[in-house]
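Okay, here's what each chain looks like letter by letter:
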Amino acid sequence: MSQLSERPEKPVVGVPMPHESANLHVTGTALYTDDLVHRTKDVLHAYPVQVMKAHGRITAIHTGPALAVPGVVRVLTGADVPGVNDAGMKHDEPLFPDEVMFHGHAVAWVLGETLEAARLGAAAVEVALDELPSLVTLQDAIAADSFHGAQPVMLTGDVDAGFADCAHVFTGELQFSDQEHFYLETHAALAHVDEAEQVFVQSSTQHPSETQEIVAHVLGLHSHEVTVQCLRMGGGFGGKEMQPHGFAAVAALGAKLTGRPVRLRLNRTQDLTMSGKRHGFHAQWKIGFDADGRIQALDATLTADGGWSLDLSEPVVARALCHIDNTYWIPHARIAGRIAKTNKVSNTAFRGFGGPQGMLVIEDIMGRCAPLLGLDPMELRERNFYRQGQHTPYGQPVAHPERISTVWQQVQDNAGIADRKREIAAFNAAHPHSKRALAITGIKFGISFNLTAFNQGGALVLIYKDGSVLINHGGTEMGQGLHTKMLQVAATTLGIPLHKVRLAPTRTDKVPNTSATAASAGADLNGAAVKNACEQLRERLMQVAAGRLGAHASDVRLVEGVARALGNDEELAWDDLVRTAYFQRVQLSAAGFYRTEGLHWDAKTFRGSPFKYFAYGAAATEVEVDGFTGAYRIRRVDIVHDVGDSLSPMIDIGQVEGGFVQGAGWLTLEDLRWDASDGPNRGRLLTQAASTYKLPSFSEMPEEFNVTLLQNATEEGAVYGSKAVGEPPLMLAFSVREALRQAASAFGPGGVSVALASPATPEAVYWAIQAARQGDASRNGDAGTGFAVSGRAAGGPTGNGHAAHGGIRTDANALSGA
């Protein structure tokens, strides 16, 4: 076992414990960025001037009326920017645009003594606009050939030859929805300038180093003149990886120009209408199976709705392509990706980062093709699992493929699948107007940033003379428990009790050049960096202890805050050891660093090994559906998930539960709608509040919810043998959608392939039921009767230009085995 993954005697990692800020969260004493305004004197408040048109060229901005509003101090426009007028890394996101690119685009910001004064001032600003044609839907953009960014193609094997050898060939398409992050804390920043003109920004950001970089280039400063701190976030989910930078830059610019602190916090409506979402996708595909139902070839084009600027769309599409295989071996594949440019908010990172979109495509294909192949969906999936020695379509060997089958079998055992399937069959036979179904889906999710350079982490660990320890690392806390794990890693490595260790807020002047807390790599990168720093300190202290105990340093053990030498009964307490080291002038601080080894990626050829390892999991979900309304309930969920050797089991189980529910929300409830009409509100987000955008709540939680972490699953080469847990569990929710599909098909004749919209709202499920009842044209073996279904859901109407549709066609000759 490697030094990185090996655990010492009596480790603090692996011990279940609550979140380090749990008490602060539940008592309301945890401070977030916007809470700091009450501790800051003479704060100005920033408010956006939004233009409520989807597209247009600005011909004039009249700020005079705003300045006449009592309490308004200044209006910020592009003329005030001393550096680069851009809020992104691609230089396609002007902070103060001269062209409105989406409905609600902020073109200026008003600073006021009060938030109300700033709001009234913003309302008084007059913006003259020449309206331009707009592309609101993904279909609009595809039809107009409106694309931007890279258009990668992933190739493996010989696709044409693969299809030629297939016994069954199916073609189809799927369009599925984007998703709003809806974190509890909206975007927020608080900036001030000190007497040396140094800029200090408190920001709710997952990427403080990049926020620092953007603020610096907007202000025309060097990075060492800007410090960014993230105390904690009230949720991020990827929405605060790129998008906080511009808001922080506006606050910093205001502070620089006025000499006063500036607070910027979006209200919920502004956050929903101004910030990006998970990318919605359109997929067109062709798949071929052999006579035994094993995938032989896949040809697909995935189109992401990028919105008005690139943001992170290119790596999101890259990860979607890298995950379209999910747990299945595809010997011949050609997968193309592209990014549609639309007049909507710039879509961005969201938990899973394109992986869920790619995986949804193949899971939808499997669910739709299983009846046409005359196979149970569970059996079809299992037949296509990766086996030892196989590699992904981009060329990475699949390590530990046996874990795919292990978690799959454990879920079946834990959930009593065989018995429950018989019970469900009996229930369905006795209940013509309601049906139950049980589906199992698995996941294989790659861990690491696709861009190799991002796979590095840093830490700074300080030991004080009294024996207390302070750790700083480059990761940010958004409720996921990263700080809790880092405390456990530090205590374990140093061999001291947890109460000796405290963690400082994430700051760019303590740990520089950090990567975003994203890609599920927060614990891997920062944990290894913290461990590295603590190992340096421990090695120094072992030399000191050896001198005191009269032993060789290699024979000294430090466990639970006491140093002992092998074969020696003498003990040396941690506090005494630290004090001795200080008086011997031993350095008691260390900077740690970690870079993930073994990664390589060629974005041009789309080949390499971009991931350190794969996380595996499986979920079994049982649903019950009402045939009159499409309403459903989740009766039971069983999950087995691979987190390696968990650093903190209570935290990890919470992440699995939360990720699953968030995934179920995306796939079944959360239905973003834009006005795609030609009226005056074209491009307006219609679901801009919790009253119109349905989020998962207690009523959507499974009635029975069982989560098990895979045992004996040490991940060699990862910090203390653990695996990432942030993103992978979200995709376990595919089992909910597949169970709904199977329940809908139970209302019709056997062998019917049911298309199901995503999100699979009760309305969508109702239309799927209606299609199933009339679906004998798609029954297995009816060669030559290929069908297509499109609309808001199978058999249903399209809605507001936001069609989530799916069609499937069968090759008659292929179906007949010719």
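Bear in mind that the values here come from a model prediction, so they are computed numbers and not experimental data.

A. Region of interest: the overall build of the protein. Summing up its helical and strand segments, the protein has 20 helices and 30 strands in all. Against the 2.2 N^0.38 benchmark of 28 Å for 818 residues, the protein shows a C-alpha radius of gyration of 28 Å, consistent with a compact globule. For the C-alpha atoms alone, the extent of the protein along its principal axes is close to 85 × 80 × 50 Å. When burial is assessed residue by residue, the protein has 62% of its 818 residues classed as buried. Nonlocal contacts in the protein, meaning residues at least 24 apart in sequence, comprise 81% of its contacts between residues at least 6 apart. Carbon and sulfur atoms provide 51% of the accessible area of the protein, an area that totals close to 28,800 Å². The distance from the centre of the 69 positive side-chain charges to the centre of the 88 negative ones in the protein is 2 Å.

B. Broad picture of the sheet that holds strand β27 (residues 613-626). Strand order across the open sheet formed by 4 strands is β16-β27-β28-β29, with mixed pairing between neighbours. Because the sheet does not close on itself, it has two edges, and the strands there are β16 (434-447) and β29 (704-709). Across the sheet, the mean angle from the axis of one strand to that of its neighbour is 15°, orientation sign disregarded. Relative to strand β28 (residues 632-641), β27 is paired through 9 bridges, and the arrangement is antiparallel. Paired with Val-625 across the strands is Tyr-632, a residue of β28. Running over the sheet, helix α12 (residues 402-415) touches β16, β27, β28 and β29 and is turned about 130° from β28.

C. Structural context of the layout of surface pockets. For the second largest pocket, the calculated volume is near 650 Å³. As for the second largest pocket, its lining consists of 26 residues, and the residues nearest its centre are Glu-314, Pro-315, Asn-450, Leu-451 and Phe-454. Per element, the largest residue contribution to the lining of the second largest pocket is 5 residues, and it comes from helix α9 (residues 313-322). Within the lining of the second largest pocket, the residues separate by chemical class into 17 nonpolar, 3 polar and 6 charged.

D. Seen up close, the state of the cysteines. Applying the stated criterion to the full structure yields 0 disulfides. Cys-369 takes part in no disulfide bond, and the closest cysteine sulfur to it belongs to Cys-166, at a distance of 11 Å.

E. A look at the confidence of the model for the protein. Here the protein shows a mean pLDDT of 94. Residues at 70 or above account for 95%. For the stretch residues 776-806, pLDDT sits under 50, and the model shows 90 contacts to residues farther than four places along the chain or on other chains. Across residues 810-818, confidence stays below pLDDT 50; counting only partners more than four residues off in sequence or on other chains, it has 19 contacts.

F. Representation of the packing of aromatic side chains in the model. Applying the stated criterion across every chain, the model contains 17 aromatic pairs. Between Phe-176 and Phe-281, the ring centres sit 5.9 Å apart and the planes meet at 5°, which makes this aromatic pair stacked. With a gap of 105 residues between them, Phe-176 in strand β8 (residues 168-176) and Phe-281 in strand β13 (residues 281-289) connect regions that are remote in the sequence. When its relative accessible area of 3% is taken as the criterion, Phe-176 is described as buried. Here the aromatic residues Tyr-394, Trp-601, Phe-606, Phe-611 and Phe-614 are joined through ring pairs into a cluster of three or more. Against the face of Tyr-32 rests Arg-232, its NZ or CZ located 5.8 Å from the ring centre. Against the face of Phe-163 rests Lys-286, its NZ or CZ located 4.4 Å from the ring centre.

G. Molecular detail of the sheet that holds strand β4 (residues 99-100). Strand order in this open sheet of 3 strands is β4-β2-β6, and the pairing throughout is antiparallel. The strands lining the two open edges of the sheet, one partner per strand, are β4 and β6 (126-131). The pairing of strand β2 (residues 56-62) with β4 spans 2 bridges and is classified as antiparallel. Residue Arg-57 lies in a different strand from β4, and its bridge partner there is Glu-99.

H. Spatial organisation of the nonpolar core. The biggest cluster of nonpolar side chains holds 109 residues, and the ones touching the most others in it are Ile-287 and Phe-660. Those residues within four positions of Ile-287 in sequence are excluded, and the remaining contacts are Phe-163, His-168, Val-169, Phe-170, Ile-295, Ala-297, Leu-298, Ile-362, Ile-365 and Cys-369. Listed in part, the 54 residues of the second largest apolar core include Leu-4, Leu-494, Cys-534 and Val-544.

I. Focus on empty space enclosed by the protein. Applying the stated criterion across every chain yields a total of 5 cavities of 30 Å³ or more. Computed from the structure, the largest cavity encloses a volume of approximately 340 Å³. Residue lining of the largest cavity: 20 residues in total, with Ala-87, Glu-93, Phe-247, Met-274 and Trp-308 positioned closest to the centre. When contributions to the lining of the largest cavity are tallied by element, the ones reaching two or more residues are β5 (105-112) and α7 (244-258). In terms of residues, the lining of the largest cavity owes the most to one element, α7, which gives 4 residues.

J. Main features of the side chain of Asn-526. You can see Asn-526 is positioned in helix α15 (residues 522-549). Within the structure, Asn-526 has its side chain in polar contact with the backbone oxygen of Gly-522 (distance 2.9 Å). When residues no more than four places from it in sequence are discounted, the contact partners of Asn-526 are Gly-458, His-473, Gly-474, Gly-475, Leu-482, Met-486 and Ala-521.

K. The side chain of Arg-737, seen in detail. With respect to the secondary-structure elements, Arg-737 resides in helix α18 (residues 734-745). Take Arg-737: its relative accessible area is 1%, and that puts it in the buried class. In terms of polar contacts, Arg-737 uses its side chain to reach the backbone carbonyl oxygen of Leu-756, at 2.4 Å. Beyond its immediate sequence surroundings of up to four residues, Arg-737 is in contact with Leu-174, Leu-360, Asp-364, Leu-667, Leu-756, Ala-757 and Ser-758.

L. Representation of the environment of Arg-383 in the model. Locating Arg-383 in the fold gives a position in helix α11 (residues 377-383). The sequence separation of Arg-383 and Asp-292 amounts to 91 residues, and the corresponding C-alpha distance is 8.5 Å. Apart from the residues lying within four places of it in its own chain, the contact partners of Arg-383 are Asp-292, Gly-293, Arg-294 and Leu-375. In terms of polar contacts, Arg-383 uses its side chain to reach the side chain of Glu-379, at 2.7 Å.

M. Molecular detail of the pattern of salt bridges. Counted under the stated rule, the structure contains 50 salt bridges. The salt bridge partner of Glu-131 is Lys-53, with a shortest N-O separation of 3.8 Å. Of the two residues, Glu-131 sits in strand β6 while Lys-53 sits in the loop between β1 (44-51) and β2, which places them 78 residues apart along the sequence. When its relative accessible area of 53% is taken as the criterion, Glu-131 is described as exposed. Between Arg-595 and Glu-597 there is a salt bridge; the shortest N-O distance is 3.1 Å. Using a relative accessible area of 44% as the deciding quantity, one classes Glu-597 as partly exposed. Through salt bridges with shared partners, a single network forms among Glu-363, Asp-364, Arg-368, Arg-381, Arg-737, Glu-738 and Arg-741.

N. Representation of the environment of Val-643 in the model. Its location among the elements puts Val-643 in the loop between β28 and α17 (649-668). Those residues within four positions of Val-643 in sequence are excluded, and the remaining contacts are Asp-652, Leu-709, Ser-722, Lys-723 and Val-725.

O. Structural detail: the packing of helix α10 (residues 355-369) against α18. Contact geometry of α10 with α18 gives a least axis separation of 11 Å together with a crossing angle of 25°. One element, α10, and the other, α18, form an angle in the roughly parallel class. As for the relative orientation of α10 and α18, their crossing is right-handed in sense. Counted together, Pro-356, Met-359, Leu-360, Glu-363, Asp-364, Gly-367 and Arg-368 of α10 and Phe-734, Arg-737, Glu-738 and Arg-741 of α18 form the full contact between these two elements.

P. Structural detail: the environment of Leu-312. For Leu-312, the location among the structural elements is in the loop between β14 (295-307) and α9. Each C-alpha atom of the pair Leu-312 and Ala-349 lies 6.4 Å from the other, and the pair is 37 residues apart in sequence. Apart from residues lying up to four places away in sequence, Leu-312 is in contact with Glu-241, Met-242, Thr-348, Ala-349 and Phe-353.

Criteria and thresholds
Residues numbered from 1 in each chain as written. Predicted model: local features only at pLDDT ≥ 70, side-chain atom pairs only at ≥ 80, totals over all residues. Heavy atoms only, no water. Helix = DSSP H or I, 4+ residues; strand = E, 2+ residues; numbered from the N terminus. Rg over C-alpha atoms; globule rule 2.2 N^0.38 Å. Buried < 20%, exposed > 50% of the residue type's maximum accessible area, 1.4 Å probe, protein only. Contact = heavy atoms within 4.5 Å. Areas by Shrake-Rupley, 256 points an atom, 1.4 Å probe, with all protein chains shown as cover. Lys, Arg positive; Asp, Glu negative; His and termini not counted. Charge placed at Lys NZ, Arg CZ, Asp CG, Glu CD. Pairing = 2+ DSSP bridges. Axes fitted to C-alpha atoms, helices over the stretch in contact; angles between N-to-C directions. 1 Å grid on protein atoms, 1.4 Å probe; cavity = no way out; pocket = protein on both sides within 12 Å on 5 of 7 lines; lining within 4 Å. Points joined across faces, edges and corners; volume = space filled by probe spheres on them. Nonpolar A, V, L, I, M, F, W, Y, C, P; charged D, E, K, R; others polar. Disulfide = S-S within 2.5 Å. pLDDT = per-residue confidence, 0-100. Phe/Tyr/Trp six-rings, centres within 6.5 Å; stacked < 30°, edge-to-face > 60°. Lys NZ or Arg CZ within 6 Å of the ring centre and 35° of its normal. Core = buried A, V, L, I, M, F, W, Y, C linked by side-chain atoms within 4.5 Å. Polar contact = N/O pair within 3.5 Å; in protein donor to acceptor, adjacent residues only side chain to side chain. Salt bridge = Lys/Arg side-chain N within 4 Å of Asp/Glu carboxyl O. Parallel < 35°, antiparallel > 145°, perpendicular 65-115°, else oblique. Left-handed = near helix turned anticlockwise from the far one by under 90°.

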